[in-house]
Amino acid sequence: MIFNRYEWRLVMRVILMFITLSVSSYLLVDSQKMFLVITVPLCAYQVLDLIRFQKKAQDEVSQFVESIHYRDFSRHFDVRKAPNELKPLRKGFNEINTTFKLISRERETQYHYLQKILELVDTGIISYEQESGETGWINEAFKKLIGVPYLKTIHSLEKREEELYNEIIKLKPGDSKILTVTRNQQLVKILVTASVMRSEDKMYKLIAFQNVSEALDETESKAWQKLLNVMTHEIMNSVAPISSLADTLKNRLQSPEIKNSPVSTQMEDLELGIDTIKRRSEGLLKFTESYRSLNKITKLDLTKILVRNLFESLNRLMRPTLEKKHIELEIILRDPTLAIEADLNLIEQVMINLLVNAIEAVKDRESPTLTLSAEVLSNNKTLVKVSDNGLGMPPELLDKIFIPFFSTRKSGSGIGLSLCKQIMLLHKGNIQVQSTQGMGATFILQFSPQGG
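In this report, the structure presented in the accompanying data block is examined. Just so it is clear, the model here is predicted, and its values are computed rather than measured.

### Here we look at the overall build of the chain
Turning to step 1, where the next piece is worked out: Broken down by element type, the chain carries 13 helices and twelve strands.
Turning to step 2, where the next piece is worked out: Scored against the burial criterion, the 452 residues of the chain give a buried share of 35%.
Turning to step 3, where the next piece is worked out: Of the contacts made within the chain by residues no fewer than 6 positions apart, 60% connect residues no fewer than 24 positions apart.
Turning to step 4, where the next piece is worked out: Total accessible area computed for the chain in this model is approximately 28,400 Å², and 55% of it derives from carbon and sulfur atoms.

### What about unusual backbone geometry?
Turning to step 1, where the next piece is worked out: In this model, histidine 326 sits at a positive phi of 55 degrees, which is unusual for a non-glycine residue.
Turning to step 2, where the next piece is worked out: Take histidine 326: its relative accessible area is 66%, and that puts it in the exposed class.
Turning to step 3, where the next piece is worked out: Notably, lysine 428 is not glycine yet its phi reads approximately 60 degrees, a positive angle.
Turning to step 4, where the next piece is worked out: Checked against the element boundaries, lysine 428 lands in the loop between α13 (416-426) and β11 (430-435).
Turning to step 5, where the next piece is worked out: Owing to a relative accessible area of 64%, lysine 428 belongs among the exposed residues under this scheme.

### Concerning the side chain of threonine 135
Turning to step 1, where the next piece is worked out: Note that threonine 135 resides in strand β2 (residues 135-138).
Turning to step 2, where the next piece is worked out: When its relative accessible area of 17% is taken as the criterion, threonine 135 is described as buried.
Turning to step 3, where the next piece is worked out: Among the polar contacts made by the side chain of threonine 135, one reaches the main-chain carbonyl oxygen of leucine 151 at a distance of 2.7 Å.
Turning to step 4, where the next piece is worked out: Ignoring sequence-local partners within four residues, the contact set of threonine 135 consists of Ile126, Ser127, Tyr128, Leu151, Lys152, Thr153 and Ile154.

### What about helix α11 (residues 344-361)?
Turning to step 1, where the next piece is worked out: When the terminal C-alpha atoms of α11 are compared, their 25 Å separation across 18 residues agrees well with the 26 Å that a helix rising 1.5 Å per residue should span.
Turning to step 2, where the next piece is worked out: Regarding α11, the residues found buried are Leu346, Ile347, Val350, Met351, Leu354, Leu355, Ala358 and Ile359.
Turning to step 3, where the next piece is worked out: For α11, the N-terminal cap is aspartate 343; the gap from its side-chain oxygen to the backbone nitrogen of asparagine 345 is 3.2 Å.

### Side note on a nonpolar patch on the surface
Turning to step 1, where the next piece is worked out: A surface patch of nonpolar side chains, amounting to about 740 Å² of accessible area, comprises Trp8, Val11, Met12, Ile15, Leu16, Phe18, Ile19 and Val23.
Turning to step 2, where the next piece is worked out: With respect to the helices and strands, tryptophan 8 occurs in helix α1 (residues 2-29).

### Quick word on the sheet that holds strand β10 (residues 382-388)
Turning to step 1, where the next piece is worked out: Strand order in the open sheet made by the five strands is β7-β9-β10-β12-β11, with mixed pairing throughout. Every interior strand has two partners, whereas the edge strands, β7 (328-333) and β11, have only one. Taking each pair of neighbouring strands and ignoring which way they run, the sheet shows an average axis angle of 15 degrees.
Turning to step 2, where the next piece is worked out: Sheet topology note: the strand β9 (residues 369-376)/β10 ladder contains seven bridges and is antiparallel.

### Topic: the pattern of salt bridges
Turning to step 1, where the next piece is worked out: All chains considered together, the criterion is met by four salt bridges.
Turning to step 2, where the next piece is worked out: In this structure, glutamate 167 and lysine 170 form a salt bridge, with 4.0 Å as the shortest nitrogen-oxygen distance. Taken as a pair, glutamate 167 and lysine 170 lie in helix α6 (residues 162-170) at a separation of three residues, close to a single helical turn.
Turning to step 3, where the next piece is worked out: Its relative accessible area of 16% is what places glutamate 167 among the buried residues.
Turning to step 4, where the next piece is worked out: For lysine 170, a relative accessible area of 58% gives the class exposed.
Turning to step 5, where the next piece is worked out: Between lysine 385 and glutamate 375 there is a salt bridge, with its nearest N and O atoms 2.8 Å apart. Linking lysine 385 in strand β10 with glutamate 375 in strand β9, this pair joins segments that are ten residues apart in sequence.
Turning to step 6, where the next piece is worked out: The partly exposed category is assigned to glutamate 375, whose relative accessible area is 33%.
Turning to step 7, where the next piece is worked out: The network of salt bridges with shared partners includes Glu167, Lys170 and Lys177.

### Here's the deal with the pairing of β9
Turning to step 1, where the next piece is worked out: Burial analysis of β9 places six of its eight residues in the buried class, the great majority of the element.
Turning to step 2, where the next piece is worked out: Between β9 and the antiparallel strand that follows it, β10, lie five residues; asparagine 380 among them carries a positive phi value of about 70 degrees.

The rules we used
- Residues numbered from 1 in each chain as written.
- Predicted model: local features only at pLDDT ≥ 70, side-chain atom pairs only at ≥ 80, totals over all residues.
- Heavy atoms only, no water.
- Helix = DSSP H or I, 4+ residues; strand = E, 2+ residues; numbered from the N terminus.
- Buried < 20%, exposed > 50% of the residue type's maximum accessible area, 1.4 Å probe, protein only.
- Contact = heavy atoms within 4.5 Å.
- Areas by Shrake-Rupley, 256 points an atom, 1.4 Å probe, with all protein chains shown as cover.
- Polar contact = N/O pair within 3.5 Å; in protein donor to acceptor, adjacent residues only side chain to side chain.
- Expected span 1.5 Å × (residues − 1).
- Patch = residues over 30% accessible without salt bridge, like charges linked within 9 Å, V, L, I, M, F, W, Y side chains within 5 Å.
- Salt bridge = Lys/Arg side-chain N within 4 Å of Asp/Glu carboxyl O.
- Pairing = 2+ DSSP bridges.
- Axes fitted to C-alpha atoms, helices over the stretch in contact; angles between N-to-C directions.

Next up, the structure:
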């Protein structure tokens, strides 16, 4: 084998050097110094030849180390033109380079694959070096969700979103927290999760941001439904006998034997009190019965509805009221063929509720205007909007207006928007509100893609 030949040549050189040194030592001891003129140069030549022999291998190794240092795995070591003793070395270098190139290609493929995945997912992701705060990776979902095009360091987020920045910094690896941020005048709930990873002796913190508004809305809606079921059942069971008993007592008080008795004048206050109990009990029963409608809607009659036809129908229905109150209604629809898959009766009920609320919101405006519009997003979701130029709402009310029992009007029952939200959740959609105080409000109905 070539490798054995290399060993053999090395052993022969060492033996010849040993023999030359032995002869030189003998001549020196035997006082035959004149022969040293031959043996000493011969010994020097053998030492230099051995050094040169080893230096060839060292030079090859140095060249290989240099190529590894600069990650130049394309370098090829010519085996055919190499001396016999270096052929195994060059062959080994070429095999190592081939392995490194294969590993490098696999890593690059995995990197691009991971890059594509991170860009496609809806979860926002950012990584930053813990010590310096310098960002390493930011995907498009993070930029859209947080509304920042670029971050050099995580500390740059403090100027834009101070509260969010503080929560991120405090979040420990493995922990999760739901935060609320305002985007496009909407409150968005975000699940923030943190983890750490080490790379090249540096610690990186990886933060994931997931929009969980829709999921939480659905969970919250179901929780309210269960609560309303219990409350309406208990209220009606308790109030109905009271109302019935009050009615019986009132009838007894109005009977001839009591009405014509000497104490009839003393019974007037009692009759008035019983009448008040009866009236308030009936009012409470009626109020409770209205909330039962939140739980009655369980099945949808889905049909394809042209948004154009929906807007025209609403315009005809609301026109007398709008004209009476001198309110202008604008309809903006760029695509006349735009359609949604929905239950027509329920969606009309939602739209009417929103329009009635909008009419109330603009009653104090000099030029009251309502706007109906619709558009399709890049993800094929359809948005139907009801806008007004009313007084708007303060931020603290935006996350409360869809809660049952909550109303900003003294005469309101708080059922309208709660019902709208439940209807939209049944459609696998959602309802959101955008509002700036003093600049009006926009209610947005979001419908999932047809067939989705």
